[in-house]
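# Per-entry structural report
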Amino acid sequence: MTQLFPMQAIAIESRRRGQRLVGPIDLTLGGQGATVVIGPNGAGKTTLLQLLHGTARLSAGQINWACTTEEARHHQGFVFQRPVMLRRTVLENLIYPLRLRGVPKDKARKAAREWAARVGLEPLLGRAAPVLSGGEQQKLALARALICKPKLLFLDEPCAALDGRATREIEMILQTAKADGTRLILSTHDLGQARRLADDVLFLVGGRIHEAGRADTFFNQPETEEAQAFLRGDIVE
Amino acid sequence: MVDIWSGIAQAFWLVATLDAELVEIAGRSLRVTLSALVVACLIALPLAALVAVKRFRARRLVIAVLNALMGLPPVVVGLVVYVLLSRSGPLGVLGLLFTPSAMIIAQVIIIVPLIASIAHQSIRELWQEYHDLLISMNVTQTQKIRTLLWDSRRALLTAALAGFGRAIGEVGAIMIVGGNIDHATRVLTTAIALETGKGEFALALALGFVLIGLAVAVNLAIHWLGRTEREGRW
């Protein structure tokens, strides 16, 4: 059985046209719970997630997994702020990642139906995914990412454009995934959501981690001035 | 005007009586064009997908050349294929000149750039939409191309139909490489050219109407088979 964690990011950086977007960041992640990356807009939350996932190129530094990078990628999923829907039915969207991994069609269909039932999309299985509502699309994106039972799931502001009800449904799915052993790393600028989901917090400003630690400590006794200001609701840049 | 009405009446009569010569010519037209279309799609669609997703040095040049070749003059294509296939040409040994195969080759050369250019545009747009998802799913290049081709199949159908339209109406190149030989390489367009040359305008018009009818029928059939325009499904 492949072991992903601990993951160590050493002095990772992302630069574009000579300008540093993120880093240098040193980070060690264990294999359990949910880490929430919070910070103001433009802090580099999305870029950090992409760097860790391997979809953005590192300008400097390195990321070490307990296994090979290729194996690590195989056991990860990513859910985007704006869900990307394949131009297929809900069922076909769910089947897709399983078929990529060579799962037989019958088995993939069965798993897809199970996951559709779990996230409440069973009545919509035959519908075209791109015509679903925003909340339904995000639930589908989440189910499509979780259907492969990833050990690590990145979520980039998964509820940014959703209403309260859809947000609650997404969070319930995430809590269940976490309980089932999936390691979550999600970015959000919604402090309420961060409080509800986080076991650990990474507070990012200007591409650098200003504070990192247990969620209850961060929310109750933030150490840095920026974190205190952010939690007060002041504008932090 | 009299010629037009006479042409319509004659077209109706030819179709209604299933005129043997018309059936033969129309059948050959369809066989040649559909064969060319299948071969052209097999070349153009993967090429379009590859150019859309793969980054390589001459990519822009390939796209520019494909776009430029959309306007290839058929007569020039016919001439080049003629030279290549003629007895003294490099491929003369194959003995393909003045056969339907030569006509298929000429049509393939004419419609590959057209299909590839239209398909490339659609696939590139879909690739922009899917890029982050497919990269995050760690798909291989082959899986990527298969996904893009499958999910843009409606647009690719349009590209293929554009190719079909160009090929079935083509006359210059296939006249040169086919020779318009009765019972061998005569197709609807070359027959129309021949009848017009003989002053048989009504018959030429009749064949023209049959050609239009055939093109429309094939388009409708492909749309129906492709199940386009169905609400809420892909």
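Data block above holds the structure.
Numbers given for residues are sequential positions, taken from 1 along each chain in its written order. Chain letters and ligand numbers both follow the written order, the letters beginning at A and the numbers at 1. Where local features are concerned, this predicted model is filtered to residues with pLDDT of at least 70; where side-chain atom pairs are given and counted, the filter is 80 or more; whole-chain, interface and lining totals use all residues.

Put simply, DSSP marks the helices as runs of H or I at least four residues long and the strands as runs of E at least two long, and each gets a number from the N terminus on. Helices and strands together make up the secondary structure of chain A, namely nine helices and nine strands. C-alpha atoms of chain A, sized along the principal axes, occupy 55 × 40 × 35 Å. Here the C-beta atoms are placed from the backbone, and a residue counts as buried if at least 20 other C-beta atoms lie within 10 Å of its own, exposed if 12 or fewer do, and partly exposed otherwise. Across the 237 residues that make up chain A, the buried fraction comes to 44%. Working definition of a contact: two residues with C-beta atoms, positioned from the backbone, lying within 7 Å. Looking at chain A alone, contacts between residues at least 24 apart form 66% of all its contacts between residues at least 6 apart.

The subject of this paragraph is the pairing of strand β3 (residues 34-38) of chain A. Looking down a regular strand, the side chains alternate between one sheet face and the other. Residue and element names in this part refer to chain A. Extensive coverage of β3 is indicated by the burial of five of its five residues. Where β3 and strand β7 (residues 183-188) come together, five bridges link them in parallel fashion. Across the sheet, I38 pairs through a bridge with T188, a residue of β7. Here a strand pair is declared whenever DSSP counts at least two bridges between the two strands. Of the strand pairs in this sheet, β3 and strand β8 (residues 200-205) are connected by four bridges, and their pairing is parallel. Paired with V36 across the two strands is V201, which belongs to β8.

This part takes up the interface of chain A and chain B. Put simply, an interface is often sized by how much accessible area is lost when its parts join up. Each partner contributes residues to the interface: chain A has 16 residues there, and chain B has 14 residues. Only Asp, Glu, Lys and Arg are considered charged, only Ala, Val, Leu, Ile, Met, Phe, Trp, Tyr, Cys and Pro nonpolar, and every remaining residue, Gly among them, polar. Classifying every residue of the side of chain A that touches chain B gives eight nonpolar, four polar and four charged.

The next thing to look at is the nonpolar core. Grouped burial of nonpolar side chains is what soluble globular proteins tend to show. Any set of buried Ala, Val, Leu, Ile, Met, Phe, Trp, Tyr and Cys residues joined through C-beta atoms within 7 Å is what this text calls a nonpolar core. Of all hydrophobic cores here, the largest spans 134 residues; its most connected members are A143 of chain A together with A106, I115, A119 and V177 of chain B. With residues near it in sequence (within four places) discarded, V177 of chain B still touches G78, V81, Y82, L85, L97, A102, M103 and A106 of chain B.

Turning our eyes to something else, we now look at the packing of helix α2 (residues 20-53) of chain B against helix α5 (residues 100-136) of chain B. Residues and elements named next belong to chain B. A fitted line through C-alpha atoms serves as each axis, taken over the contacting stretch for helices, and the angle formed by two N-to-C directions is quoted from 0 to 180°. Contact pair α2 / α5: the axes reach a minimum separation of 6 Å and the direction vectors enclose 35°. In the crossing of α2 with α5, the sense of the turn from one axis to the other is right-handed. Looking at the contact of α2 with α5, its residues break down into 25 nonpolar, four polar and three charged. In this scheme, a crossing is called left-handed if the near helix is turned counterclockwise away from the far one by less than a right angle; it is called right-handed if the turn is clockwise.

The next thing to look at is the sheet that holds strand β2 (residues 19-29) of chain A. All names here are of chain A. Taken together, the three strands give an open sheet; going across it, the order is β2-β1-β4, and neighbouring strands pair in antiparallel fashion. Here the strands that pair on one side only, and so sit at the sheet edges, are β2 and β4 (60-64). On average, each strand axis in the sheet is inclined to that of its neighbour by 20°, with strand direction left out of account. With seven bridges connecting them, strand β1 (residues 7-16) and β2 associate as antiparallel partners. Among the inter-strand pairings, R15 is bridged to a residue of β2, identified as R20. Of the strands in this sheet, β1, β2 and β4 are in contact with helix α1 (residues 45-53), which crosses β2 at around 60°.

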